[in-house]
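Residue-level structural notes
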Amino acid sequence: MTEITGDQRIQSEVLEGLATAVNHRRWFVELAVPYLGDNPIEIGSGLGDYALEWAEHFPRFTATEADPDRLVALKERLSDRPNIEVRQMLLPHSEQGDYSAAVSYNVLEHIEDHVGALRSMGELVRPGGAVVIIVPAFQFAMSPADIATGHVRRYTKKTLSAAMTEAGLQVEKIHYANALGLIGYFMATKVFRLMPKEGPMVKVYDTLVLPATKAAEQVLRPPFGQSVFAVARTPA
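Description of the structure in this document. Quick caveat, the model's predicted, so the values are computed rather than measured.

Quick word on the overall build of the chain
- Regarding its fold elements, the chain presents 9 helices and 7 strands.
- Counting the 236 residues in the chain, one finds 53% classified as buried.
- The contacts of the chain with a sequence gap of at least 6 include a subset with a gap of at least 24, amounting to 76%.
- Looking at the chain as shown, the accessible area adds up to about 10,900 Å², and 59% of this sits on carbon and sulfur atoms.

Describing the pattern of salt bridges
- Applying the stated criterion across every chain, the model contains 10 salt bridges.
- Among the ionic pairs, E30 bridges to K214, the shortest N-O distance being 2.9 Å. Taken as a pair, E30 in helix α2 (residues 22-32) and K214 in helix α9 (residues 200-219) lie far apart in primary sequence, 184 residues in all.
- By relative accessible area, which is 44% here, E30 ends up partly exposed.
- The residue D98 makes a salt bridge to R126 at a minimum N-O spacing of 3.6 Å. Here the residue D98 occupies a position in the loop between β3 (84-88) and β4 (99-105), and R126 occupies one in strand β5 (residues 125-136), the gap between them amounting to 28 residues.
- Three or more residues joined by partner-sharing salt bridges are found here, namely D38, D98 and R126.

Here we look at the pairing of β3
- Pairing of strand β2 (residues 61-65) with β3, which is carried by 5 bridges, proceeds in the parallel orientation. Across the sheet, residue F61 finds its bridge partner in β3, namely I84.
- Chirality of the crossover, the property in question, places the unit of β2, helix α4 (residues 68-77) and β3 among those that are right-handed.

As for the sheet that holds strand β6 (residues 170-177)
- In space, the 7 strands of this open sheet follow the order β3-β2-β1-β4-β5-β7-β6, with mixed pairing throughout. The outermost strands of the open sheet, each flanked by one partner alone, are β3 and β6.
- Pairing analysis gives 7 bridges linking β6 to strand β7 (residues 227-233), with the strands arranged antiparallel. Each bridged residue has a counterpart across the sheet, and for A177 the counterpart in β7 is S227.
- Across the sheet, helix α5 (residues 114-123) is in contact with β4 and β5; its angle to β5 comes to roughly 140°.
- Of the strands in this sheet, β5, β6 and β7 touch helix α7 (residues 157-166), which is tilted by about 155° from β6.

Points about the packing of aromatic side chains
- Going through the model one piece at a time under the given rule, you end up with 9 aromatic pairs.
- Consider the rings of F138 and Y176, whose centres lie 5.0 Å apart with planes at 25°: the pair is stacked. With F138 in the loop between β5 and α6 (144-148) and Y176 in strand β6, the pair connects residues that are 38 residues apart, well separated along the chain. Taken individually, F138 and Y176 each receive the classification buried, so the pair is uniform in this respect.

Notes on the pairing of β2
- When you tally the buried positions in β2, you get 5 out of 5 residues, the bulk of the element.
- Burial along β2 is two-sided: the residues F61, A63 and E65 and T62 and T64 are all buried.
- Sheet topology places strand β1 (residues 41-42) next to β2; 2 bridges connect them, and they run parallel. From the neighbouring strand, I41 faces β2, where its bridge partner is T62.
- Viewed along the sheet, the connection from β1 through helix α3 (residues 49-55) into β2 turns out right-handed.

About the criteria used
- Residue positions are counted from 1 within each chain, in the order its sequence is given.
- Whole-chain, interface and lining totals are the exception, using all residues; otherwise, since this is a predicted model, local features are given only for residues with pLDDT of at least 70 and side-chain atom pairs are given and counted only at 80 or more.
- Excluded from the side-chain calculations are hydrogens and water; all other atoms, namely the structure's heavy atoms, are used.
- Going along the chain from the N terminus, every DSSP run of H or I of four or more residues is numbered as a helix, and every run of E of two or more is numbered as a strand.
- Classification of residues uses two cut-offs on accessible area relative to the type maximum, computed with a 1.4 Å probe and protein chains only: under 20% is buried, over 50% is exposed, and between them is partly exposed.
- Residues are treated as being in contact if the distance between any of their heavy atoms lies within 4.5 Å.
- Throughout, the Shrake-Rupley method with a 1.4 Å probe supplies accessible areas, and for residues the shown protein chains are the sole cover considered.
- The rule for a salt bridge is simple: a side-chain nitrogen of Lys or Arg has to be within 4 Å of a carboxyl oxygen of Asp or Glu.
- Here, a strand pair is defined by DSSP locating no fewer than two bridges between the strands.
- A clockwise path from the first strand over the helix to the second, with the strands pointing away from the viewer, defines a right-handed crossover.
- Orientation is described by axes fitted as lines to C-alpha atoms, over the contacting stretch for helices, and by angles from 0 to 180 degrees between their N-to-C directions.
- Any two rings among Phe, Tyr and Trp, with Trp reduced to its six-membered ring, count as a pair given centres within 6.5 Å; such a pair is stacked if its planes are under 30 degrees apart, edge-to-face if over 60, and tilted if neither.

Written as structure tokens, this is what we have:
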């Protein structure tokens, strides 16, 4: 088993802050939905914000968490949702599964053996199923906030695609998302050395800037972004 990297308290504070970015989350929820099938599993569900929204779309959904304290909170929060199963899971592992897809947002960058983690995700999924990933983009944006929350690396389309291919997955779609978010994140965390958390900056960005960014990127994919979004398939 691998270690959980980063300060769990700081990670939880960041997750709580980002929970207020409702438009951002809905955009990223929508990106994955077409690929998740009828019985997906999420790796690293955190506080359960994405799980709650994804579970609206599927008859069954499995949420997982590696950190024991967050797992307890996750089980409590999702206890009244009968279609959501909650499990502890730490990657890489050797479990075989028959899920329709594995989805993991902002988790892979915490794991030293990211190829092993991707291979584990693929083994949880039935043949031809999807592995759907979002990770933070561009190493130049690595900041004190990244270090504190346990990020081992940030990605480009090329490096994420290479890791997926090495893990035996077939990349179907990969692109950057949230171009203006990268600029804002770089300025806030690298230049001003702030931690991403709840506050007026997040609110203004999510309410005013993000909807315009989303609309523009649905027309034209940007050459950079705050995140890399990727869909890969397990061998059929």
